[in-house]
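Structural overview
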Amino acid sequence: PSTGKALLEKYKGYIDDKKVMRIPGSNCGIQLQQGKEAYDAAIAALEGKTAVPELEYSDALGDACKEYVGMLAQADDPNSVEKFTENVCGKHGDFVGSLSTLAEFGGETPEQTFVNLLAQDGSPNKNYINTLCDKKFKVIGLHFAEHTVYRYCTFIGLAVGYKPK
C-alpha cells in the first residue's frame, strides 16, 4: 500500500488542470476522465490497507492469461471473469477456491500498469484495490500484449490456488 500511494502521488503530479497526464519522456499526453480526483480516491482507499504476502507465480495461469490477452487484444471487449473461466482457464488448469481477474489497457510499463490499476480513472467499478490487497489470493498469472485500440493490454488472474493440467 505504501508503494502504491507513493506512485499515485508521483503520477498525480503529471496531471494538469485539463485532466491531461504528461509523463516525462513520453511524446504525448493522456486524456483522463476523472484526473486527480481518481488518484485522490485511490490514495484514500489504500489507507489502512496492509501489505499482502508475496504471491506464487503460476506458469499455467500465466499461459491462460496469455491466451485470453490474445482474445482481448483483438477486440474492444471488457474483462469478464466468466469468459476467462469458461473459455480459457480450464484448458490450462483448475483453480481452487475463488478466482479474480484484472484487465488494464494502455500502460506502457509495469509501473504505469500498476498505477492505472490502482487509479481506475473513469471506471464506475473501483474494486481493483480491494482485489489487489485481498490476502486470500496466493497465486498469480499475468500477460500483456499489444492492443489494436489502446496500444497495450495487461490481464492478471489471481487465485486462491491453481493446479496445472
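Just so you know, the residues in each chain are numbered from 1, in the order the chain's sequence is written. For this predicted model, a pLDDT threshold of at least 70 governs which residues receive local features, and a threshold of 80 or more governs which side-chain atom pairs are given and counted, while totals over whole chains, interfaces and linings are taken from all residues. Side-chain metrics in this entry use all non-hydrogen atoms of the structure; hydrogen atoms and water are not considered.

Focus: the overall build of the chain
Filter applied, for reference: Runs of E in the DSSP output that reach at least two residues are strands. Runs of H or I that reach at least four are helices, and both are numbered from the N terminus. To get the radius of gyration, use the C-alpha atoms; to get the globule rule, take the number of residues to the power 0.38 and multiply by 2.2 Å. Relative accessibility thresholds used throughout: buried, under 20% of the residue-type maximum; exposed, over 50%; partly exposed, between the two (1.4 Å probe, protein chains only). Residue contacts follow a heavy-atom distance rule, with two residues in contact if any of their heavy atoms lie within 4.5 Å.
Broken down by element type, the chain carries six helices and six strands. Tracing the chain from N to C terminus, the helices and strands come up as α-β-β-α-β-α-α-β-α-α-β-β. A compact globule built from 165 residues should have a C-alpha radius of gyration of about 15 Å, and the chain, at 16 Å, falls within 12% of that. For the chain, the spread of C-alpha atoms along the three principal axes comes to 50 × 40 × 25 Å. Out of the 165 residues in the chain, the part that is buried amounts to 38%. Put simply, 65% of the contacts in the chain that link residues at least 6 apart link residues at least 24 apart.

Concerning the packing of aromatic side chains
What counts, and what does not: When two rings of Phe, Tyr or Trp (its six-membered ring) have centres within 6.5 Å they constitute a pair, described as stacked for plane angles under 30 degrees, edge-to-face for angles over 60, and tilted for the intermediate range.
Following the criterion strictly, the structure yields two aromatic pairs and no others. Ring geometry for tyrosine 11 against tyrosine 14: centres 5.3 Å apart, planes inclined by 75°, an arrangement best described as edge-to-face. What makes tyrosine 11 buried here is its relative accessible area of 4%. Taking the relative accessible area as the measure of exposure, tyrosine 14 reaches 21% and is therefore partly exposed. For the ring pair tyrosine 68 and phenylalanine 155, a centre distance of 4.7 Å and an interplane angle of 55° mean the geometry is tilted. On the criterion of sequence distance, the pair formed by tyrosine 68 in helix H3 (residues 59-72) and phenylalanine 155 in strand E6 (residues 151-164) is long-range, its members being 87 residues apart. The pair formed by tyrosine 68 and phenylalanine 155 is uniform in burial state, with each residue classed as buried.

Thoughts on the sheet that holds strand E4 (residues 93-105)
Spelled out, the test is: Any two strands with at least two DSSP bridges between them are considered paired. Interaxial angles span 0 to 180 degrees and are taken between N-to-C directions of axes, which are lines fitted to C-alpha atoms, for helices over the stretch in contact.
Sheet architecture is open: four strands sit in the order E3-E5-E6-E4, paired in mixed fashion. Of all the strands in the sheet, just strand E3 (56-57) and E4 have a single pairing partner and so form its edges. Relative to the sheet, helix H5 (residues 110-119) contacts E4 and E6, its axis offset from that of E4 by approximately 100°.

Side note on the nonpolar core
In globular proteins that are soluble, nonpolar side chains generally tend to be buried together. Put simply, the rule is: Residues belong to a common nonpolar core when they are buried Ala, Val, Leu, Ile, Met, Phe, Trp, Tyr or Cys residues joined through side-chain atoms within 4.5 Å.
Counting 24 residues, the largest nonpolar core has Leu61, Phe84, Phe155 and Tyr162 as its most contacted members. Where this core is concerned, the elements lending two or more residues are H3, helix H4 (81-92), E4, strand E5 (139-147) and E6. With seven residues, H3 is the largest single contributor of residues to this core. With 17 residues, the next largest nonpolar core counts Leu8, Ile23, Leu32 and Leu118 among its residues.

Keep in mind these values describe shape, not function.
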